[in-house]
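Residues per chain are reported as follows:
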Amino acid sequence: MLLWLTFFLGVAFGVAARLGRFCLLRGLRQSLGLDGAEPRGSAPALQAFALAVAVALLASQGLQWAGLVDLGNAQIVRPNFSIAGVFFGGAVFALGMVLANACGARSLVLLAGGNLRALVTVVFLALGAQASSTGILVPLRQWFQGLAPTAAEHATVSQALQAQGWSAGAIYALLAIVPALLLMAYALYRPALRHSPVQALSALVIGALVAVGWWISATVGVDPFDPARLTSLSFISPIAETLLYVQVAVGREFDAASAMVLGVLVGAGAAALASRTARWEGFNSPAQLARSAIGGWLMGFGGLLAAGCSIGQGLTGITTLAWATGPAVAGIVLGSVLCLQLWGRRT
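Because the structure is predicted, anything quoted here is derived from the model rather than measured.

### Details of the UniProt feature "transmembrane region" (unreviewed entry) in the protein
In step 1: The UniProt feature table records "transmembrane region" (unreviewed entry) at residues 41–60, 81–102, 169–189, 201–218, 256–274, 294–315 and 321–343.
In step 2: Within the segment residues 169–189, helix and strand shares are 100% and 0% respectively, and the terminal C-alpha atoms sit 28 Å apart.
In step 3: In residues 256–274, the share of helix is 100% and the share of strand is 0%. The end C-alpha atoms are 26 Å apart.

### Digging into empty space enclosed by the protein
In step 1: Inspection of the entire model under this criterion finds one cavity of 30 Å³ or more.
In step 2: By volume, the largest cavity is sized at about 50 Å³.
In step 3: Taken together, F13, A17, F22, C23, L24, F49, C103, A105, R106, S310 and I311 make up the lining of the largest cavity.
In step 4: Those elements that provide at least two residues to the lining of the largest cavity are α1 (2–20) and α5 (104–112).
In step 5: Split into classes, the residues belonging to the lining of the largest cavity amount to nine nonpolar, one polar and one charged.

### With respect to the pattern of salt bridges
In step 1: The full count for this structure, using the stated rule, is three salt bridges.
In step 2: Taking the shortest distance from any N to any O, the salt bridge between E241 and R252 comes out at 2.9 Å. Here the residue E241 occupies a position in helix α12 (residues 236–247), and R252 occupies one in the loop between α12 and α13 (256–274), the gap between them amounting to eleven residues.
In step 3: Residue R252 is classed as partly exposed on the basis of its relative accessible area of 34%.
In step 4: E281 serves as the salt-bridge partner of R279, at 4.0 Å between the closest nitrogen and oxygen.
In step 5: Taken together, the shared-partner salt bridges connect R117, R279 and E281 into one network.

### Focus: the packing of aromatic side chains
In step 1: Taken as a whole and judged by the stated rule, the model has ten aromatic pairs.
In step 2: A centroid spacing of 5.2 Å and a plane angle of 70 degrees characterise the contact between F7 and F8, whose relative ring orientation is edge-to-face.
In step 3: Three or more aromatic residues joined by ring pairs form one cluster here, namely F88, W143, F144 and F301.

### Looking at the layout of surface pockets
In step 1: In this structure, the largest pocket encloses a volume near 940 Å³.
In step 2: Contributing to the lining of the largest pocket are 39 residues, with Q75, R229, L230, T231 and A257 lying nearest its centre.
In step 3: If you add up the space inside the second largest pocket, you get close to 750 Å³.
In step 4: What lines the second largest pocket is a set of 28 residues, and nearest its centre among them are R21, N101, R106, L110 and R117.
In step 5: Contributing elements (two or more residues each) for the lining of the second largest pocket: α1, α2 (24–31), α4 (83–100), α5, α6 (116–133) and α14 (286–305).
In step 6: Broken down by class, the residue content of the lining of the second largest pocket amounts to nine nonpolar, nine polar and ten charged.

### Description of the nonpolar core
In step 1: Of all hydrophobic cores here, the largest spans 66 residues; its most connected members are F13, F22, F235, I311 and L315.
In step 2: Broken down by element, the residue count for this core peaks at eight residues, all from helix α3 (residues 44–65).
In step 3: Discounting chain neighbours no more than four positions away, the residues touching F22 are A17, A48, F49, A52, R106, S202, A203, I206, I311 and L315.

### Looking at the environment of L125
In step 1: Within the fold, L125 resides in helix α6.
In step 2: In this structure L125 comes out as buried when scored by relative accessible area, which is 0%.
In step 3: Residues contacting L125, with those up to four places away along its chain left out, are G104, I236, I239, G296, W297, M299 and G300.

What counts, and where the lines are drawn
- Counting starts from 1 at the beginning of each chain's written sequence and moves along it residue by residue.
- At least 70 in pLDDT is required for a residue's local features to be given in this predicted model, at least 80 for side-chain atom pairs to be given and counted, and no such filter applies to totals for whole chains, interfaces and linings, which use all residues.
- The side-chain figures draw on all heavy atoms in the structure; neither hydrogens nor water molecules are used.
- UniProt positions are given in the numbering used here, feature names are shortened, and annotations may be inferred rather than shown by experiment.
- Strands are runs of DSSP state E lasting at least 2 residues, helices are runs of H or I lasting at least 4, and numbering of each runs from the N terminus.
- Put plainly, a pocket is an open set of points on a 1 Å grid over the protein atoms alone with protein on both sides within 12 Å along at least five of seven lines, a cavity is a set where a 1.4 Å probe fits but cannot get out, and a lining residue has an atom within 4 Å of a point.
- Grid points are joined across faces, edges and corners, and a volume is the space filled by probe spheres set on the points.
- All amino acids are sorted into three groups, where Ala, Val, Leu, Ile, Met, Phe, Trp, Tyr, Cys and Pro are nonpolar, Asp, Glu, Lys and Arg are charged, and the leftover types, Gly among them, are polar.
- Any carboxyl oxygen of Asp or Glu within 4 Å of a side-chain nitrogen of Lys or Arg constitutes a salt bridge here.
- Throughout this description, buried means an accessible area under 20% of the type-specific maximum (1.4 Å probe, protein chains only), exposed means over 50%, and partly exposed covers the range between.
- Any Phe, Tyr or Trp ring, taking Trp's six-membered ring, that has another such ring centre within 6.5 Å forms a pair; planes under 30 degrees apart are called stacked, those over 60 apart edge-to-face, and the others tilted.
- Here, the term nonpolar core denotes a set of buried Ala, Val, Leu, Ile, Met, Phe, Trp, Tyr and Cys residues that are joined through side-chain atoms within 4.5 Å.
- Only heavy atoms enter the contact rule, under which two residues are in contact if any of them lie within 4.5 Å.

Laid out in structure tokens, this is it:
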């Protein structure tokens, strides 16, 4: 049951992300005037991402408020972390994302439509993440994680406020409703997103799917004597685990993370065929191949160090209100903007 639900969660994400061209990097490019299809200052993709964050935050924290999930038990939440290490991981991920011209999730979506550049990115992302998890990059990752480590008494902002006597309703209003309204105001104030209903609907669906993912992992197939950490939409470790399963399936279980990755490929592929946007795409030069490979490797290392990607931290992680998510997202956004300013016109 858990595998089927996470598979269809991935299918829904794949369809929405493909039809709405959902991508943080694309939005940042638009905001910097590097997307020729949009005038400078018009960034419907960034507005769509903000709308998705608003919906995900409202819905996920709403589940927390109702007592249906405990986001403090999310896999991405950690009380002990290195601010410098997490920030650097986000920045390295951003560099890889700009080089490859797509994040991990976007690469899966593009691959499903026949983009072979994305195939190279996905494979090297998985290799980089696996090398950082159990391979030759482990000492380097551990060194960064040991830079000025921080031990927070409470792993999330909501836990800290709750310890000070705040009610659940007040925490929800301050940390979910207010930020969500501000994000929605940004998303809908400018007309670009309002004039693109497909992108807006895609954002609404993807934001809701984050909360659905939390609910699935909290309620379906849970062993009361050994409860698993909660998970939702995230792609660095799941892509790595999926590639590893493809290579050494004997003796390994096909888990929910791999089911989600497979679902994204199926959903995005179906959407590409239905919208007649599926087509084979390759490399224009050896340099483009190198950027896809190096970018994927950097995203694998940086994403594992930052405990998430532009989706896993920039969208899903934010809904947990974890302290560690702040520097990770800052690294991803600031790193992306800097790299786009330096090399954006060449990629």
